[in-house]
Amino acid sequence: SERNGSGDGQGISGAPCAKSSGIESGLRANAIAVYRAVCANYPQVSSYGGYRPGGGLHSQGRAVDIMISGPTGWNIAHWLRANAARFGIQEIIYQQKIWTTQRAGEGWRPMSDRGGTTANHFDHVHVGVH
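Residues numbered from 1 in each chain as written. Predicted model: local features only at pLDDT ≥ 70, side-chain atom pairs only at ≥ 80, totals over all residues. Heavy atoms only, no water.

**Quick word on helix α1 (residues 29-41)**
Stated formally: Numbering goes from the N terminus for both helices and strands, where a helix is a DSSP run of H or I of at least four residues and a strand is a run of E of at least two. Here a helix's expected span is defined as the number of its residues, less one, multiplied by 1.5 Å. Here the term buried applies to any residue with accessible area under 20% of the maximum for its type, exposed to any over 50%, and partly exposed to those in between, with areas from a 1.4 Å probe on protein chains only. A contact between two residues is defined here by any heavy atoms of the two lying within 4.5 Å.
For α1, which comprises 13 residues, the first-to-last C-alpha distance of 18 Å matches the rise-based estimate of 18 Å (1.5 Å per residue) to within 8%. Every buried residue of α1 is listed here: Ala31, Ile32, Val34, Tyr35, Arg36, Ala37, Val38, Cys39 and Asn41. Residues of α1 that are buried sit in contact with β1 (48-49), β2 (63-66), α3 (71-82), α4 (84-87), β3 (89-94) and β6 (125-129).

As structure tokens, then:
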């Protein structure tokens, strides 16, 4: 039963998630909160990405990748956008579109082609936090 993400505070969970063992290692508190809440609200997501070396928000423990595609990815992206302040979200990327708190009034903006399904975020929702 997928929650609609109405932003009413329902379904926000801080409970640990058993989906991706060890994913929380290296993540900061806001990234852990995003991971746990998505895990609780969207049980159909079976895989996540978190800390990794190489620069950017992932290497700072400030990003989570939610491995999903299609309409469910948009449901998650919109739910996270509606709850951005609660989770300290600074950016969400999905299907070659980006939303940032800094330019929130512009909505979802197109991104340049990075050359592939994963690089263009068609197989996962990327969430960056403060």
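**Some details on the confidence of the model for the chain**
Put simply, the rule is: The pLDDT score gives, residue by residue, the confidence of the prediction method on a 0 to 100 scale.
Overall, the prediction assigns the chain a mean pLDDT of 90, with 91% of residues at 70 or greater. Low pLDDT, under 50, characterises residues 1-9; the predicted model gives this stretch 15 contacts beyond four residues in sequence or across chains.

**Describing the pattern of salt bridges**
As a reminder of what qualifies: Salt bridge, as applied in this entry: a Lys or Arg side-chain nitrogen positioned within 4 Å of an Asp or Glu carboxyl oxygen.
Taken as a whole and assessed by the stated rule, the structure comprises three salt bridges. For the salt bridge of Glu24 with Arg36, the shortest nitrogen-to-oxygen distance reads 2.7 Å. Taken together, the positions of Glu24 in the segment before α1 and Arg36 in helix α1 put the pair 12 residues apart, joining distant regions of the chain. The exposure class assigned to Glu24 is partly exposed, which follows from its relative accessible area of 22%. A salt bridge links Glu106 to Arg103; the nearest nitrogen and oxygen atoms lie 2.8 Å apart. Since its relative accessible area comes to 46%, Glu106 is described here as partly exposed.

**What to know about the pairing of β6**
Going by this rule: DSSP calls a pair of strands paired once it identifies at least 2 bridges connecting them.
Of all five residues making up β6, five are buried, and the element is well covered by its neighbours. Here β6 shows two buried faces, one formed by Val125, Val127 and Val129 and the other by His126 and Gly128. With four bridges joining them, β2 and β6 adopt antiparallel strand pairing. Pairing of Ala63 across the sheet is with Gly128, part of β6. In terms of strand pairing, β3 meets β6 through four bridges, oriented antiparallel. Paired with Ile93 across the strands is His126, a residue of β6.

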